[in-house]
Each structure stands twice: as C-alpha cells, then as structure tokens.
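What the coordinates show
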Amino acid sequence: MDKPDIVEHYEQMKAAGGGMYFDPVELDEIFHYYIEHGTGQDATEVLDLAKSLHPEDEVTKRMTVEYLLNEDEAAEALTLLDTFFDERASFHCILRSAALAKLGRLSEAMELARLVSTEYEDENDEDESYISYDLGLGFMNAGEYAIALCYFEDSRKRHPEDIKTLTGILYCNNQLGIREGQEELADRIIKIDPFHYEAWLTKGNLLALKDKFAEAYDAFDYAIAIMPDEADAYIHKCNILQYENKTKEAEEVLKEAVSKVNDTTNAHLHIMLAHIIGRTKKNKNKAIKHVWKSLECAPLNVQTLMQASFAFKDLGAYTEQLTMLRAANEKKPKDLDILSNMVEAYNCVGLFEDATDICEEIINIEESAAGYAMWGSCLISLSNYGEAYRKFKKANEIEPMWQTYLLMAACDIELNRFAEMEKNFRLAYSLNPDGAIELFDKISPDIMQQMNENGFLKRLHNSRERAIRKEEFENYVKAEVERRLSNK
C-alpha cells in the first residue's frame, strides 16, 4: 500500500533533520498511518511531536487516548478522556466505549456503543458511516471478539468491499475459531488487496488444516514477502514443518526469522529455535545460548523470565532455570505458580532443604492438598519420612488423592509400619486400582512382589468385585421398588 503524501513528507523532513512543523490534523493522519502500518516507535515519535507543537489541542489529547488504549493503559486513557469528553462527539463516545470494554465494564461499554450506533451513524456522512467499524475495533482490541464481530458485520452491510471491515471480520473469526467461510473471505480480501498479510496468513493456516502443506507453504511465503519483519508467518510455517518432521527446514525458517524480526516476538523465535536445536545432546550449549539471547529481545518482565525458565527446564539446564525463577520471584513475590516451579527446580539441583522452605512459604500463602503433597515429597528426599507422612495426611484431609495415599504407604514401609502400609494402599486402590498398582510397583517393587505372592492383591480384587456387585444389586433393588411404587 502506498504511503500518503503527508507521511512521505514527514519521513523526508525527519531524515533531513532539523525542526519540523505540522498542524494537528496532519499529525493525526501520520499517527494513524503508523498505528495501522508502522511500528509503535514511529507512532510514539509522532505523538511526542504533536505534544510539543500542540500540547493543549484536542486532537493531540485524542491521539494520546488512542495511544494509551493501544498500550493497554485503559484507566489512564479514560481519565484523560474525561477532561475533554463531549457526549455529542461520536468519536469521543467510541473511545470511551473502547476504554470501558478494556477495563471489563462491558455492560457500560455496550450501552454506550448501542447509543452511538443508533444516534450518530449516518450513511450519507463519510466519517459517521464507519461508526460500526470503529465500535467493532474498540471491542476487538478489548478481546471481546463476538461483540466486535457483530459491529463489523453491521459495517459490512454498508461497506461490503471495505478492506478494514473485512480484515476485522477475518481476525475475529480466527480468534473465535470460526473456520466456515474464512478461506473465501481471505480470497476476497486478497482479490481487493493482493498484499494483505493477515489474509495470506489465514489462507496458509486453513490450507494446512486440509493437509495441503505445499500450498500452505506458498501462502506463508507470500505473507513473509509482504512483511518480512513480522513473526507470525515464520512461526506458523515452522510449526507445520515440524509437524511433517522437517526439523532442519524448520530450523532454517527460524534462523531467517531471527535475522529479520526486530520486535519483542524475537524472544519467542529464539525460544522456538532453542527447542529445535536442543533435541540433540551435542547442540545443548547452542540451544542454551538462544534462550539467553531471548532475554535480550524483550523486557525482563515475569512473562519473559518464566518463558525462559521453561525453556531451560526442557533443556535440562536446571541451574539456569532456577536463576530465571528467582528473578521472577523478585518481581512478583508470593506468586504460587512461580514458587511451585522453584520447588521443582530446587529438587532437580539437589537443594532439598531450600525446596522445603519454599513449600512452607506456599502453605503460608494458601493451604492446599497439592501444596502439602509437594512438601511431603521434598521431605522424602531428605529421608524425613515421619514428617513427610504428616504432610501427606494433611493433604488428604483437604482432598483425598490416591497418589498421596500411596506416598503415605511408601513412608510406612520406611518406618516399618506394615499394617498402616496395607491400610493406605487399600485406600489408594479404592480410588484408582490400576494406577495404584502401577505406581506402587515403581515406588516399591519388592513390597509389590510380596503382596502379589501372599495373595493380598487377589483378595483385594475379589473384595472390590464383591463391592461392585453389591452396589449394582442395591441399585437394582432401589430401581425395582421405585418402579413398583409408581405402578400402584
């Protein structure tokens, strides 16, 4: 798509250096071009220029609201919007509806949207005729795809060939998992705009679902040629190559992506590359380097650190995994997911006492059966079977689990309490017969063999079958009594 003249002029002046002047309306046009086609950095620079040239102009404030919404700062956007909000201005109402939707105040957002669409939409006015599209965009950006789809479909009735409206429908359908009619819609968009990235990407995914892999690769290659610095087409192509066990080709696709994609998704590409390279033991160090590289491509937030920790875990690099988890814990203390992963990592590197300390911290935050069971498992690693038994017992008081009863039975063996062991094994067996036998055979194969030789397991099976037959008979009697009473 050709750049508007005003954008070309702006970029020429920017390249030349020195001072620049544009009026608010011109800056608004440049800003929106970058929001839709450029990078976030370009839009930020235009907004900063607008703030320096026209700090009190309403257009600048409106651009700031849109930018904040784009950055998921909906509360701040709403606060600023309230300083100049005019309920008679349709676009003010559209922005307010979008902010409310992002804040989860859906009923208010929908009521305002309904009011705007009925009061302001005018087919004879170029700007007002696109209100349904603008409302759909606001709900789409808030993740309310079903609501957004309704507005986009309403917009399509007025503008059946509008590329932005069709793109909104295509995107929402993708997010909602709606496949029917998507390939035809993608083809329609491509016919209008042959260089439409999202349409080629969607077409590639739909072809892959039909096992038309060669055609799918062609569609992804078109998408890559259109936007070589966007990650999605590389990722989808790589996933299908892996599905076809074409590991080397998938690796080459990711290497190309890493060299061309410059935004934060590059971190995800490095993680994917680490998984592929790390499949062979000799390449483990190369894979680890890619995980470290991923941390250079994105902000060091909890999500990035956790993503890296899982990658290190898959590579068996538990010390590095623990480093990531500790850093994540500093940024988000008392997060149960982070702490639970820390317990596992400490156990993997043999720091069992540290693992038990974290377990105690987890229980202090929230008592749970899983937390006590995890604590008990750590105590087993320290050969503290008595205390481990007490933790497992506490877990079963909260939520009885067959695995926990088996671990209690394992502790009983170590404590030479064979009568208790038999009781706990029975309880585990009553909850999951096949699972209890299979797991206990791994925990204590010698004891399992003895139970089999002395006929204990056979008696257990027979008693279970009798219990089942008894329950079936009681159900039959109950049903028969109810039938006879109903016939009287």
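What this report covers is the structure whose coordinates are included nearby. (Residues numbered from 1 in each chain as written. Predicted model: local features only at pLDDT ≥ 70, side-chain atom pairs only at ≥ 80, totals over all residues. Heavy atoms only, no water.)

Some details on the overall build of the chain
Here is the rule we go by: Runs of H or I in DSSP of at least four residues are treated as helices and runs of E of at least two as strands, each being numbered from the N terminus. Each radius of gyration is computed over the set of C-alpha atoms, and the globule rule expresses the reference value as 2.2 Å times the number of residues to the power 0.38. Using a 1.4 Å probe on the protein chains alone, a residue whose accessible area is under 20% of its type maximum counts as buried, one over 50% counts as exposed, and one in between counts as partly exposed. Contacts are residue-level and defined by heavy atoms, with any inter-residue pair within 4.5 Å sufficient. Computed by Shrake-Rupley with a 1.4 Å probe, the accessible areas treat only the displayed protein chains as cover when residues are assessed. Only four residue types enter the charge count, namely Lys and Arg as positive and Asp and Glu as negative; His and the chain termini do not. Where a charge lies is defined by one atom per residue type: Lys uses NZ, Arg uses CZ, Asp uses CG and Glu uses CD.
From N to C terminus, the chain includes 28 helices and zero strands. Compactness check: the chain gives a C-alpha radius of gyration of 31 Å against a globular reference of 23 Å for 488 residues, more than 25% above the reference. If you line up the chain on its principal axes, its C-alpha atoms span 90 × 75 × 50 Å. By residue count, 43% of the 488 residues in the chain fall in the buried class. Considering only contacts within the chain whose residues lie at least 6 apart along the sequence, 48% involve residues at least 24 apart. Counting every atom, the chain has about 26,600 Å² of accessible surface; 49% of that belongs to carbon and sulfur. Here the chain contributes 55 positive and 90 negative side-chain charges, whose respective centroids are spaced 11 Å apart.

A short note on the side chain of Asp162
What counts is decided by this rule: A side-chain nitrogen of Lys or Arg and a carboxyl oxygen of Asp or Glu constitute a salt bridge if their distance falls within 4 Å. The term polar contact refers here to a pair of N or O atoms within 3.5 Å; inside protein, the definition further demands a hydrogen-donor-capable atom paired with an acceptor-capable atom, and it admits residues adjacent in sequence only when both atoms are side-chain atoms.
The topology assignment puts Asp162 in the loop between helix H9 (145–158) and helix H10 (163–176). Among buried Asp, Glu, Lys and Arg side chains, Asp162 stands out as unpaired, with Lys164 the closest opposite charge at 5.8 Å. Among the polar contacts listed, one links the side chain of Asp162 to the side chain of Thr165, at a separation of 2.7 Å.

Considering the pattern of salt bridges
Evaluated as defined, the whole model comprises 26 salt bridges. The partner of Glu56 in a salt bridge is Lys61, and the shortest N-O contact between them spans 3.8 Å. For Arg390, the salt bridge identified is with Glu387, shortest N-O distance 3.1 Å. A residue pair is termed a helical-turn pair when its members lie 3 or 4 positions apart in one helix, as Arg390 and Glu387 do in helix H23 (residues 385–398) at three residues. The exposure class assigned to Glu387 is partly exposed, which follows from its relative accessible area of 24%. One network of salt bridges, in which partners are shared, links Glu183, Asp187, Lys203 and Lys210.

Re the packing of helix H18 (residues 302–314) against helix H20 (residues 336–348)
Short version of the rule: Simply put, an axis is a line fit to the C-alpha atoms, just over the touching stretch for a helix, and the angle between two N-to-C directions goes from 0 to 180 degrees. Oblique is the label for any angle not under 35 degrees, not over 145, and not in the 65 to 115 range, which are roughly parallel, roughly antiparallel and roughly perpendicular in turn. Rotating anticlockwise by less than a right angle from the far helix to the near helix defines a left-handed crossing, while the corresponding clockwise rotation defines a right-handed one. Each residue is assigned to one of three groups, with Ala, Val, Leu, Ile, Met, Phe, Trp, Tyr, Cys and Pro labelled nonpolar, Asp, Glu, Lys and Arg labelled charged, and all others, Gly among them, labelled polar.
Relative to each other, H18 and H20 sit at 25 degrees, their axes nearing to 12 Å. One finds that H18 runs roughly parallel with respect to H20. The interaxial crossing formed by H18 with H20 has left-handed handedness. Contacts between H18 and H20 involve Val302, Met306, Phe310 and Lys313 from the first element and Asp337, Ile338, Asn341 and Glu344 from the second. Tallied by class, residues from the contact of H18 with H20 come to four nonpolar, one polar and three charged.

Here we look at a positive patch on the surface
Counted only if it meets this: Patches in this entry comprise residues that are over 30% relatively accessible and not in a salt bridge; like charges within 9 Å are linked, as are nonpolar side chains (Val, Leu, Ile, Met, Phe, Trp, Tyr) within 5 Å.
A cluster of basic residues, Lys248, Lys282, Lys286 and Lys289, forms a positive patch on the protein surface. On the basis of relative accessibility, which here comes to 53%, the residue Lys286 falls in the exposed class.

Considerations on helix H8 (residues 131–141)
The buried count for H8 comes to nine of 11 residues, which makes it a mostly enclosed element. Within the span of H8, buried status applies to Ile131, Ser132, Tyr133, Asp134, Leu135, Gly136, Gly138, Phe139 and Met140. Of the residues flanking the end of H8, it is Gly143, one or two places downstream, whose phi is positive at about 85 degrees.

A short note on a negative patch on the surface
There is a patch of like negative charges on the surface, built from Glu353, Asp354, Asp357 and Glu360. Mapped onto the elements of the fold, Asp357 is located in helix H21 (residues 352–365).

Re the environment of Glu482
Tracing the sequence through the fold places Glu482 in helix H28 (residues 456–487). Glu482 sits 470 residues away from Gln12 along the chain, and the two C-alpha atoms are 88 Å apart.

Here we look at the packing of aromatic side chains
Stated formally: Here a pair means two rings of Phe, Tyr or Trp (six-membered ring of Trp) with centres within 6.5 Å. Their orientation is stacked below 30 degrees between planes, edge-to-face above 60, and tilted elsewhere. Placement of a charge over a ring requires the Lys NZ or Arg CZ to be within 6 Å of the ring centre, with the centre-to-atom vector within 35 degrees of the ring normal.
Scanning all chains against the criterion turns up 11 aromatic pairs. Measuring from ring centre to ring centre gives 5.8 Å for Phe139 and Tyr151, while their planes differ by 5 degrees; the resulting arrangement is stacked. Of this pair, Phe139 sits in helix H8 while Tyr151 sits in helix H9, and the two are 12 residues apart along the sequence. Neither Phe139 nor Tyr151 differs from the other in exposure class; each is buried. Each residue in the set Tyr10, Phe22, Tyr33 and Tyr34 is aromatic and connected to the rest through ring pairs, giving one cluster. Here the basic side chain of Arg96 rests over the ring of Phe85, its NZ or CZ set 5.3 Å away from the ring centre. The ring of Tyr389 is capped by Arg417, whose NZ or CZ atom sits 4.5 Å from the centre of that ring.

Keep in mind these values describe shape, not function.
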